[in-house]
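Examining the three-dimensional arrangement
Spelled out, the chains give:
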Amino acid sequence: MDKPWKISRGPIAATELDVEKASAINTLLIRPVGVLPAKPGDPVLPFAVGLFNELRPLLKPDAGVTTLRRATAAYVHCRRYYFASAQPDSMRHNLDGEPVEPLSGEDRLVAQKRFLSLKQSAAKAEAPEEVAPVPPPLLSKSEQIRAALLGKRNAAQSG
């Protein structure tokens, strides 16, 4: 897994959870930004380098920078964001959602590894833990015969 993916999955659509995380960021700002999905199905757009520094001046006076940093981190460290960033044709976007530059191969590879790691962790969390079946107790030949005879006797009595 030392090479970035070569086949694009196209635009990666935002889920309801992605939109909730984007809304958390937008509620801290004096205006919504176009780089964030507004509804499920909108594309998840990788941020331009340094975009957080462009978000800070848009922060509402009563909102804290730490809160904005945490909300932004929750958005950019999720599976769909990494998946969008890992695509071969992925572009970085400015505040308005306009593409500004392609992601570097190195950044795409990091996103790809993080996406696969999160996907694997989610699969482990969703998979039910398998319990090994308990083998029946080993019976001697005479115990097996006795059990078979008792079974037939009980069947005859109840029938």
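The structure presented is a predicted model; accordingly, all values stated were derived computationally and were not measured. (Residues numbered from 1 in each chain as written. Predicted model: local features only at pLDDT ≥ 70, side-chain atom pairs only at ≥ 80, totals over all residues. Heavy atoms only, no water.)

**Some thoughts on the overall build of the chain**
Each helix and strand in the chain was counted, giving six helices and two strands. Helices (α) and strands (β) of the chain occur, in sequence order from the N terminus, as α-α-α-α-β-β-α-α. Long-range contacts, defined here as pairs at least 24 residues apart, represent 72% of the contacts in the chain between residues at least 6 apart. Here the chain has roughly 10600 Å² of accessible surface; of this, 57% comes from carbon and sulfur atoms. (Helix = DSSP H or I, 4+ residues; strand = E, 2+ residues; numbered from the N terminus. Contact = heavy atoms within 4.5 Å. Areas by Shrake-Rupley, 256 points an atom, 1.4 Å probe, with all protein chains shown as cover.)

**Section: the pattern of salt bridges**
Pairing is possible between side chains of opposite charge, provided their charged atoms come close. Tallying each qualifying case throughout the model produces three salt bridges. A salt bridge links Asp18 to Arg80; its shortest N-O distance comes to 3.9 Å. Linking Asp18 in helix α1 (residues 16-27) with Arg80 in helix α4 (residues 79-86), this pair joins segments that are 62 residues apart in sequence. Residue Asp18 is classed as buried on the basis of its relative accessible area of 3%. Two residues, Asp42 and Lys39, come together in a salt bridge whose shortest N-O distance is 2.8 Å. When its relative accessible area of 15% is taken as the criterion, Asp42 is described as buried. (Salt bridge = Lys/Arg side-chain N within 4 Å of Asp/Glu carboxyl O. Buried < 20%, exposed > 50% of the residue type's maximum accessible area, 1.4 Å probe, protein only.)

**Some details on the nonpolar core**
Membership of the largest hydrophobic core comes to 32 residues, with the highest contact counts inside it found for Val33, Leu36, Phe47, Leu55, Leu68 and Tyr75. Broken down by secondary-structure element, the contributors of at least two residues to this core are α1, α2 (51-55), α3 (65-76), α4 and α5 (105-126). The biggest single contributor to this core is α4, with five residues. (Core = buried A, V, L, I, M, F, W, Y, C linked by side-chain atoms within 4.5 Å.)

**Details of α5**
For α5, spanning 22 residues, the distance from its first C-alpha to its last is 31 Å, which sits close to the expected 32 Å at 1.5 Å a residue. Among all positions of α5, only Arg108, Leu109, Ala111, Gln112 and Phe115 are buried. Buried residues along α5 cover an arc of 160° about the axis, so they all sit on one side. What points out from α5, more than 90 degrees from its buried face, is the exposed set Glu106, Lys124 and Ala125. (Expected span 1.5 Å × (residues − 1). Arc of directions from axis to C-beta.)

**Quick look at the confidence of the model for the chain**
On average, residues of the chain score 87 in pLDDT, and 87% of them are at 70 or above. Averaged over each element, pLDDT in the chain is lowest for helix α6 (residues 141-158) (71) and highest for α1 (97). (pLDDT = per-residue confidence, 0-100.)

**Considering the packing of aromatic side chains**
The relation between two aromatic rings is expressed through the spacing of the ring centres and the mutual angle of the planes. On inspection of all chains with the given rule, the structure shows six aromatic pairs. For the ring pair Tyr75 and Tyr81, a centre distance of 5.7 Å and an interplane angle of 65° mean the geometry is edge-to-face. Classification of Tyr81 as buried rests on a relative accessible area of 8%. Taking 4.5 Å as the distance between ring centres and 15° as the angle between the ring planes, the aromatic pair formed by Phe83 and Phe115 counts as stacked. Highlighted residues: Phe83 in helix α4 and Phe115 in helix α5, separated in sequence by 32 residues. (Phe/Tyr/Trp six-rings, centres within 6.5 Å; stacked < 30°, edge-to-face > 60°.)

**Things to note about the environment of Val65**
The topology assignment puts Val65 in helix α3. For Val65, a relative accessible area of 31% gives the class partly exposed. In this view, Val65 contacts Phe52, Arg56 and Leu59; residues no more than four positions away in its chain are not counted.

**Regarding the side chain of Asn26**
By the secondary structure assignment, Asn26 is in helix α1. Take Asn26: its relative accessible area is 17%, and that puts it in the buried class. Within polar-contact distance, the side chain of Asn26 engages the backbone nitrogen of Val33 at 3.0 Å. Apart from residues no more than four positions distant in its own chain, Asn26 is found in contact with Arg31, Pro32, Val33 and Leu36. (Polar contact = N/O pair within 3.5 Å; in protein donor to acceptor, adjacent residues only side chain to side chain.)

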